[in-house]
Amino acid sequence: MLTSVFIVVVSLSLFWMAAFTLWWQMHAWRTPEVLASTRFSRPDGDEHVSFSLLLPARHEQAVLDHTIQRLLESSHDDFEIIVIVGHDDPETTEVARAAEARDPRVRVVVDHHEKKNKPKAMNTALPHCRGDVVGVFDAEDQVHPELLTHVDHAFRTTGADVVQGGVQLINFNSSWYSLRNCLEYFFWFRSRLHLHAQKGFIPLGGNTVFVRTDVLRAADGWDPDCLAEDCDLGVRLSSVGKKVVVAYDSDMVTREETPGSLMSLLKQRTRWNQGFLQVYRKKDWKQLPGFRQRLLARYTLMTPYLQAVSGVIIPLNVAIALFLDVPVGVAFITFLPAVTALVTFVFEIVGLHDFGKQYGLRVRFVHYAKLIVGGPFYQVLLAFAAVRAVWREQRGRNDWELTSHVGAHLANVNREDVPA
């Protein structure tokens, strides 16, 4: 009896977790009107907002110059680029100084913190910002020249305190896991973040995010000890009622690359998970005014815990269902999570087709096959990263594990014209 109750409780919990996640992922596609509202509106030709664009770079000499050049191609007339380099990183500093010498819109700020991380670097640069709005990019970003003009228009027409633009991993053909990693970003920025903005609670992204400078300074910048400083800033600004606007347009997204190895992906995902746990423990989300907002925040920030538990309990639950003698009704309930998994697979297949169509990428049968076959292995990886994050958090390990970049998204391979 006790075993049957355990199986039923676990199966129903997994079923509802998967169902909620799927429903939230589908947010942007529920109606044509919702889908249309997720895009940038057309700029009106005026430009009134000035930008300070922060570009923290550490051991990024391979990709930094390309990113700076891409930003300098912006059609907007009023912006500065502040490249933040470490005092112990001469290779990256050399690239940044060369760009500074070439163009007066580029300035270099040196971070002298003994222990380096992204939020400390950005806090170092914040007093040097002269623009009305602070924008954040990563050193490997490929930014659209029209993006700042669209963001300028979004600030002026919506009264936003924060504008979050889209970010998209693009090198889906590099490895089996890169395909799933690209699709994760597609669903997150294309759909899920819009739901969070609509509900008044949003864990911001780490780049292509723009915050009014006075709002950012009033919030004391970024938490220097948080491993998900972007999520933390979003939670704190949401908690004091700041307006966040999210816009996604496949022509305007900032393009990035997936981590170059499974170990790099594991460390990156561990850092994000641990950061979410830190934000959860800070309890700023409890200041959100609405019960449903706090419930959504609690669930979202506890996701690493839920993934870690799922990673341990799913194999155990399957083993119990297969090898123990349980009533037929209980055995039937154990298949409910499989039903949601099947529906999720179908939705992902449709999403992959849409992803390829929007980005002019030829998605072939082998990619759909990789998506399905790689799904369980990818979930194991995510579960392991969640377990590792919980383990590190419990042991007080909060050092920053840097994700290196090689520029795999910069080569225009795999792109083909696809019929609309």
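This is a predicted model, so every value here is computed, not measured. (Residues numbered from 1 in each chain as written. Predicted model: local features only at pLDDT ≥ 70, side-chain atom pairs only at ≥ 80, totals over all residues. Heavy atoms only, no water.)

Peer 1: An account of the overall build of the chain is requested, with residue identities and associated values reported.
Peer 2: The number of helices and strands found in the chain is 15 helices and nine strands. Referenced to the eigenvectors of the C-alpha coordinate spread, the extents of the chain come out at roughly 75 × 50 × 40 Å. In the chain, which comprises 420 residues, the proportion classed as buried is 54%. Across the chain, the fraction of contacts at a sequence separation of at least 24, relative to all contacts at a separation of at least 6, is 83%. Carbon and sulfur atoms form 60% of the exposed surface of the chain, whose accessible area is close to 19,200 Å². Measuring between centres, the 44 positive side-chain charges of the chain sit 7 Å from its 46 negative side-chain charges. (Helix = DSSP H or I, 4+ residues; strand = E, 2+ residues; numbered from the N terminus. Buried < 20%, exposed > 50% of the residue type's maximum accessible area, 1.4 Å probe, protein only. Contact = heavy atoms within 4.5 Å. Areas by Shrake-Rupley, 256 points an atom, 1.4 Å probe, with all protein chains shown as cover. Lys, Arg positive; Asp, Glu negative; His and termini not counted. Charge placed at Lys NZ, Arg CZ, Asp CG, Glu CD.)

Peer 1: Which residues make up the pairing of strand β3 (residues 106-111), and what values do they have?
Peer 2: In terms of burial, β3 is largely enclosed, as five of its six residues are buried. For strand β2 (residues 79-86) and β3, the ladder comprises six bridges, and the chain directions are parallel. Considered in β3, the bridge of Val-83 is made with Val-108. On the question of chirality, the crossover connecting β2 to the parallel β3 by way of helix α4 (residues 90-102) is right-handed. (Pairing = 2+ DSSP bridges. Right-handed = clockwise from strand over helix to strand, strands pointing away.)

Peer 1: Explain the pairing of strand β4 (residues 133-136) residue by residue, including any values.
Peer 2: Across the two faces of β4 the burial is the same, with Val-133 and Gly-135 and Val-134 and Val-136 all buried. Sheet topology note: the strand β1 (residues 51-56)/β4 ladder contains four bridges and is parallel. Bridging from a neighbouring strand, Leu-54 pairs with Val-136 of β4. Relative to strand β7 (residues 209-212), β4 runs antiparallel, the two being bridged by four bridges. Residue pairing for β7: Val-134 is matched across the bridge by Val-211.

Peer 1: Break down the sheet that holds β4 for me, citing the residues and quoting the values.
Peer 2: The seven strands lie next to each other as β3-β2-β1-β4-β7-β5-β8, forming an open sheet whose pairing is mixed. Looking at which strands have only one partner, the edges of the open sheet turn out to be β3 and β8 (244-246). Taken pair by pair, the neighbouring strands of this sheet meet at an average axis angle of 20°, ignoring direction. Sitting on the sheet, helix α3 (residues 64-72) is in contact with β1, β2 and β3, with an inclination near 165° to β2. (Axes fitted to C-alpha atoms, helices over the stretch in contact; angles between N-to-C directions.)

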